[in-house]
Amino acid sequence: MTITIKTEHDIAKMRVACRLASEVLDYITPLVKPGITTGELDRLCHEYMINEQHTVPAPLNYQPPGYPPYPKATCISVNDVICHGIPGDKQLKNGDTLNIDITVIKEGYFGDTSRMFIVGEGSILAKRLVQVTYECMWLGIEQVQPGAHLGDIGHAIQRHAEAHGYSVVREYCGHGIGTVFHEDPQILHYGRPGTGVQIQPGMIFTVEPMINAGRRDIRTMPDQWTVKTRDRSLSAQWEHTVLVTQTGYEVLTVSAGTPAKPTIAVTA
Ligand code: MF3
Ligand code: CO
Ligand code: CO
């Protein structure tokens, strides 16, 4: 395993790429409405990246070993889709929950972030799952400081999700990021405190828990990308890219529209 420690130059470039990724979400937020298709949202994001930001969408044609090339600029995962939903002709309707995951490349550096949206009025369950998943991401981020262990992040996330009767998806994880989309270390969203690699200043990685309302089991669709809950329960995900500082963390994927950090009732 090779974990890169970023230089001040790298960090400056990552601040820009990550802010731009977040600004794509700011741009698309008012357009997430009943009747629009996920394909239209993807096209609008893609045009914004290319024409306004002069960024490159990292997902387009991304092809990890064993996968077909990813066909779109963004991932949009609706309702029981956990992650890697391929935008298409699906029209959003009142009550749908969706994750829009944006990764842009700017001057060779990758910024990766996602947010949840609820179309119109969501069910109590949908609102609660989206909120608890947001708290999970933040509880994980708050573990980040030099000397802590990666297992501390996973444990904080798993504990909060399971305290609410939800489950943590284990097949996908956060990741180191910089001039490479997915690099070491893997950031598991479950685990035990004090285990795993020690966190060091200059590391940059994502925290992106996928939390299911029901069981954690997954099913991959025939398109080889779309991942759904096996039991068809709702799933939610939020993602930030985070820098480890000398004293803690700096969230890099911030922009004018970034939702506030939650006030979390600590469970005993
Ligand atoms: N943005 C996703 C992540 O958070 C990765 C998407 S890969 C794609 O790591 F090919 F599906 F776009
Ligand atoms: Co990511
Ligand atoms: Co992402």
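Our subject is the structure that appears above.
Since this is a predicted model, take the numbers as computed values, not measurements.

Draft legend 1. Examining the site of ligand 1 more closely. Near ligand 1 you find 14 residues, and of these Pro-59, His-175, His-182, Glu-208 and Glu-239 are the closest. Within the side chain of Thr-103, a nitrogen or oxygen atom sits 3.2 Å from a nitrogen atom of ligand 1. For the shell around ligand 1, the per-class residue count stands at 6 nonpolar, 4 polar and 4 charged.

Draft legend 2. Up close: the sheet that holds strand S6 (residues 167–168). Read from one edge of the open sheet, 3 strands run S6-S10-S13, paired in antiparallel fashion. Where the open sheet ends on each side, the last strands, each with one partner, are S6 and strand S13 (235–237). In the sheet, S6 pairs with strand S10 (residues 210–212) via 2 bridges, with the strands oriented antiparallel. Of the residues in S10, the one forming a bridge with Val-168 is Ile-211. Along the sheet, helix H3 (residues 124–141) makes contact with S10 and S13, crossing S13 at roughly 40°.

Draft legend 3. A look at the nonpolar core. In this structure, Ile-153, Phe-205 and Ile-211 are the most contacted members of the largest nonpolar core, which totals 34 residues. The set of elements that each furnish at least two residues to this core consists of H3, helix H4 (150–163), strand S9 (204–207) and strand S14 (240–244). A total of 10 residues in this core trace back to one element, the largest contributor, which is H3. If sequence neighbours within four positions are ignored, Ile-153 has contacts with Gly-140, Gln-143, Val-144, Ile-187, Ile-199, Phe-205 and Val-207. Counting residues in each nonpolar core, the second largest holds 20 residues, with Cys-45, Val-78, Ile-102 and Phe-117 among its members.

Draft legend 4. Spotlight on the coordination of the cobalt ion (ligand 2). The cobalt ion (ligand 2) binds to the protein through Asp-112 (OD), His-175 (NE2), Glu-208 (OE) and Glu-239 (OE); the donor distances cover 2.0 to 2.2 Å. Each of the 6 donor atoms bound to the cobalt ion (ligand 2) contributes to angles spanning 52 to 162°, and the resulting shape is irregular. Positions of the donor residues of the cobalt ion (ligand 2) along the chain correspond to the pattern D-x62-H-x32-E-x30-E. Between the two metal centres, the cobalt ion (ligand 2) and the cobalt ion (ligand 3), the spacing is 3.4 Å, with Asp-112 acting as a shared donor. You can see His-175 sitting in strand S7 (residues 174–176) and its partner Glu-208 sitting in the loop between S9 and S10, a full 33 residues away along the chain. Across this residue pair, the class does not change: His-175 and Glu-208 are buried.

What counts, and where the lines are drawn
Residues numbered from 1 in each chain as written. Chains lettered and ligands numbered in written order. Predicted model: local features only at pLDDT ≥ 70, side-chain atom pairs only at ≥ 80, totals over all residues. Heavy atoms only, no water. Near = heavy atom within 4 Å. Polar contact = N/O pair within 3.5 Å; in protein donor to acceptor, adjacent residues only side chain to side chain. Nonpolar A, V, L, I, M, F, W, Y, C, P; charged D, E, K, R; others polar. Pairing = 2+ DSSP bridges. Helix = DSSP H or I, 4+ residues; strand = E, 2+ residues; numbered from the N terminus. Contact = heavy atoms within 4.5 Å. Axes fitted to C-alpha atoms, helices over the stretch in contact; angles between N-to-C directions. Core = buried A, V, L, I, M, F, W, Y, C linked by side-chain atoms within 4.5 Å. Buried < 20%, exposed > 50% of the residue type's maximum accessible area, 1.4 Å probe, protein only. Donors = N, O, S within 2.8 Å, 3.2 Å for Na, K, Ca; no water. Tetrahedral: all angles 85-135°; square planar, octahedral: opposite > 155°, others 65-115°.

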